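Coordinate analysis (summary)
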Amino acid sequence: MDLPGRRPPFVVHLPAAGEPAPARVSHLRAGQVVVVSGAVDAGTSREVAFDDHGPRWANPGLRAVLSALNAQGLPFQFQPHDPEAPAALMAWWQESGQLDASFHQFSWRGAGTWGLTRIDLPQRGVLGWAGPRPFGQ
C-alpha cells in the first residue's frame, strides 16, 4: 500500500474468528459503483449509479457518490492492479485536498481472512510527502 504522507502505524481492525466480511465498495463498472457483501465467491452485490463522463479522478459526481458511501461507514476494497479503484481514488482525493475525511480500506489477508485499515489525511513531510501530485504519479 503506497500512501505517501500517512504515518504508520495505521489503525487496523482484524475480525474475530468467523466474523463475516462487511459490506464494502468493491470496484467500478461503467457508470456504476459496485458494493458487495460477504465472501469473495458467496457474497451479494448492488450497484450505485454515477455519471461516468471524463476521467474518473476528475469526476465530481463519482467523488460525491464515494464520499456519501464513506459517510455511511462503508470501507473501500484494496484493488492493487486497478489504478482507478475506489480506494485509490479516495486516497488521491485526500492528497489533492478534495476530500477532507478519513476512510477505511478493506483488504483480504488470506482465504476468508480480512482486515480494515483506517486511512487518515496525509501530512506534508511524512514519509517524504511534499504535497499533491498529478493523478497516477
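Structural notes, computed from the coordinates. All values reported here derive from a predicted model rather than from experimental measurement. (Residues numbered from 1 in each chain as written. Predicted model: local features only at pLDDT ≥ 70, side-chain atom pairs only at ≥ 80, totals over all residues. Heavy atoms only, no water.)

1. With respect to the pairing of strand 7 (residues 113–119)
Spelled out, the test is: Exposed residues in this analysis have more than 50% of their type's maximum accessible area, buried residues have under 20%, and partly exposed residues fall in between, with area computed by a 1.4 Å probe over protein chains only. In DSSP terms, a helix is any run of H or I states spanning at least four residues, a strand is any run of E spanning at least two, and both are numbered starting from the N terminus. For two strands to be treated as a pair, DSSP must find at least two bridges joining them.
With five of seven residues buried, strand 7 is to be regarded as a mostly interior element. Both strand 6 (residues 103–110) and strand 7 contribute to a ladder of seven bridges, which runs antiparallel. Its bridge partner being in strand 7, Trp108 is matched across the sheet by Trp114. If you look at the hairpin formed by strand 6 and strand 7, you'll find two residues sitting between the two strands, and Gly112 has a positive phi there, around 75°.

2. A closer look at the packing of helix 1 (residues 60–71) against helix 2 (residues 86–95)
Our working definition: Working convention: axes come from line fits to C-alpha atoms, limited for helices to the stretch in contact. Angles between N-to-C directions cover 0 to 180 degrees. Angle categories are assigned with fixed cut-offs, so that under 35 degrees is roughly parallel, over 145 is roughly antiparallel, 65 to 115 is roughly perpendicular, and the rest are oblique. Contact between two residues is taken to exist if any of their heavy atoms lie within 4.5 Å; hydrogens are not considered. Side-chain classes are defined by residue name, with Ala, Val, Leu, Ile, Met, Phe, Trp, Tyr, Cys and Pro counting as nonpolar, Asp, Glu, Lys and Arg as charged, and the others, Gly among them, as polar.
For the pair helix 1 and helix 2, the least separation of the axes is 11 Å and the interaxial angle reads 100°. As the angle between them shows, helix 1 and helix 2 are arranged roughly perpendicular. Judged by residue contacts, Leu62, Arg63, Leu66 and Asn70 of helix 1 engage Pro86, Leu89, Met90 and Trp93 from helix 2. Here the contact of helix 1 with helix 2 is composed, by residue class, of six nonpolar, one polar and one charged.

3. Concerning the nonpolar core
Nonpolar side chains in soluble globular proteins generally cluster together in the buried interior. So the rule is basically this: What makes a nonpolar core is a set of buried Ala, Val, Leu, Ile, Met, Phe, Trp, Tyr and Cys residues whose side-chain atoms join them at distances within 4.5 Å.
In this structure, Val25, Val33, Leu62, Leu66, Leu69 and Trp93 are the most contacted members of the largest nonpolar core, which totals 23 residues. Counting residues per element, the ones that place at least two in this core are strand 2 (24–29), strand 3 (32–37), helix 1 and helix 2. Looking at this core, the element that brings in the most residues is helix 2, giving six residues. Apart from residues lying up to four places away in sequence, Val33 is in contact with Val25, His27, Leu28, Arg46, Glu47, Val48, Phe50, Leu62, Val65, Leu66 and Leu69.

4. Some points on helix 1
The line we're drawing: Each helix should span, by expectation, one fewer than its residue count multiplied by 1.5 Å. Note: the arc covers the axis-to-C-beta directions of the helix. We define a polar contact as two N or O atoms separated by no more than 3.5 Å, with the added condition that, inside protein, one atom must be a possible hydrogen donor and the other a possible acceptor, whereas residues neighbouring each other in sequence contribute only through side-chain atom pairs.
Given a rise of 1.5 Å per residue, 12 residues ought to cover 16 Å, and the 16 Å separating the end C-alpha atoms of helix 1 matches this to within 8%. The set of residues buried in helix 1 consists of Leu62, Val65, Leu66, Leu69 and Asn70. Down the axis, helix 1 shows its buried residues gathered within 140° of arc, on one side only. For helix 1, the exposed residues lying more than 90 degrees away from the buried face are Pro60 and Ala71. Residues of helix 1 that are buried make contact with strand 2, strand 3, strand 4 (44–49), strand 5 (76–77), helix 2 and strand 6. Its side-chain oxygen at 2.9 Å from the backbone nitrogen of Gly61, Asn59 defines the N-terminal cap of helix 1. Note on helix 1: the residue one or two positions beyond its end, Gly73, has a positive phi of about 90°.

5. Digging into the pattern of salt bridges
Note the following rule: In what follows, salt bridge is the name for a side-chain nitrogen of Lys or Arg lying within 4 Å of a carboxyl oxygen of Asp or Glu.
The full count for this structure, using the stated rule, is three salt bridges. Between Arg29 and Glu47 there is a salt bridge, with its nearest N and O atoms 3.1 Å apart. Taken as a pair, Arg29 in strand 2 and Glu47 in strand 4 lie far apart in primary sequence, 18 residues in all. In this structure, Arg56 engages Asp52 in a salt bridge whose closest nitrogen and oxygen atoms are separated by 2.9 Å. Classification of Arg56 by relative accessible area gives buried; the value is 16%.

6. Considerations on helix 2
Helix 2 sits mainly inside the fold: nine of its 10 residues count as buried. What helix 2 keeps buried is the set Pro86, Ala87, Leu89, Met90, Ala91, Trp92, Trp93, Gln94 and Glu95. Looking at the buried residues of helix 2, the elements they touch are strand 2, helix 1, strand 5, strand 6 and strand 7. Gly97 lies just past helix 2 and shows a positive phi near 80°.

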